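Summary of structural features
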Amino acid sequence: KYAHVCQAQRGSKPYYTSAMWWCGVVLMGIGELGNFAAYGFAPASLIAPLGCVSVIASAVISVFFLKETVRASDIVGDL
């Protein structure tokens with residue numbers, strides 16, 4: 001999303017021409033390959049909860065980099 005926001009501020013070039021977007025795609029791919037490999041070295045009961053850490057980290061990072069607001073319902077969730 002950060003690459004999309006930056007691209008929108010600069011002009012109307014396609015997002016896939018941005019080096020930042022490609023770095024994000026490559027890093028996501030590497031992360032998913034690491035996650036896949038981790039299932040081969042450790043039990044799923046240990047690896048699967050680490051996905052929760054990724055969601056929490058994304059929420060925290062989005063506040064700083066994307067200037068998104070965090071509401072109480074975002075933290076607690078909807079019932």
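Conventions adopted
- Residues numbered from 1 in each chain as written.
- Predicted model: local features only at pLDDT ≥ 70, side-chain atom pairs only at ≥ 80, totals over all residues.
- Heavy atoms only, no water.
- Phe/Tyr/Trp six-rings, centres within 6.5 Å; stacked < 30°, edge-to-face > 60°.
- Helix = DSSP H or I, 4+ residues; strand = E, 2+ residues; numbered from the N terminus.
- Expected span 1.5 Å × (residues − 1).
- pLDDT = per-residue confidence, 0-100.
- Patch = residues over 30% accessible without salt bridge, like charges linked within 9 Å, V, L, I, M, F, W, Y side chains within 5 Å.
- Areas by Shrake-Rupley, 256 points an atom, 1.4 Å probe, with all protein chains shown as cover.
- Salt bridge = Lys/Arg side-chain N within 4 Å of Asp/Glu carboxyl O.
- UniProt positions renumbered as here; feature names shortened; annotations may be inferred.
- Buried < 20%, exposed > 50% of the residue type's maximum accessible area, 1.4 Å probe, protein only.
- Contact = heavy atoms within 4.5 Å.

A look at the packing of aromatic side chains
Working definition: an aromatic ring pair is given by the centre-to-centre distance plus the angle between the planes. According to the stated counting rule, one finds one aromatic pair in the structure shown. For the pair tryptophan 21 and tryptophan 22, a centre-to-centre distance of 4.8 Å together with 80 degrees between the ring planes defines the contact as edge-to-face.

Some details on helix 4 (residues 50-65)
When the terminal C-alpha atoms of helix 4 are compared, their 22 Å separation across 16 residues agrees well with the 22 Å that a helix rising 1.5 Å per residue should span. One or two steps after helix 4, the chain reaches lysine 67, where phi turns positive at roughly 55 degrees.

Quick word on the confidence of the model for the chain
This prediction gives the chain a mean pLDDT of 83; 97% of its residues lie at or above 70. Taken element by element, the predicted model of the chain shows its lowest mean pLDDT in helix 5 (residues 72-76) (75) and its highest in helix 2 (residues 19-41) (90).

Description of a nonpolar patch on the surface
A contiguous nonpolar patch, built from Tyr2, Met20, Ile56, Val60, Ile61, Phe64 and Phe65 and spanning about 710 Å² of accessible area, is present on the exposed surface. Take the nonpolar patch: its biggest share by element is five residues, from helix 4. With respect to the helices and strands, isoleucine 56 occurs in helix 4.

Observations concerning the UniProt feature "transmembrane region" (unreviewed entry) in the chain
Feature annotation in UniProt places "transmembrane region" (unreviewed entry) on residues 19-41 and 47-66, given in this structure's numbering. For residues 19-41, helix accounts for 100% and strand for 0%, while the C-alpha atoms at its two ends are 33 Å apart. Counting secondary structure, residues 47-66 comes out at 85% helix and 0% strand; the distance between its end C-alpha atoms is 28 Å.

Brief notes about the environment of serine 18
Within the fold, serine 18 resides in the loop between helix 1 (2-10) and helix 2. Between the C-alpha atoms of serine 18 and valine 60, which are 42 residues apart in sequence, the distance is 24 Å.

Brief notes about unusual backbone geometry
Positioned with a positive phi, lysine 67 is a non-glycine residue whose angle comes to about 55 degrees. Along the chain, the position of lysine 67 falls in the loop between helix 4 and helix 5. Residue lysine 67 is classed as exposed on the basis of its relative accessible area, which comes to 65%.

Looking at the side chain of serine 62
Structurally, serine 62 can be placed in helix 4. Discounting residues that sit within four places of it in the chain, serine 62 has contacts with Lys67 and Glu68.

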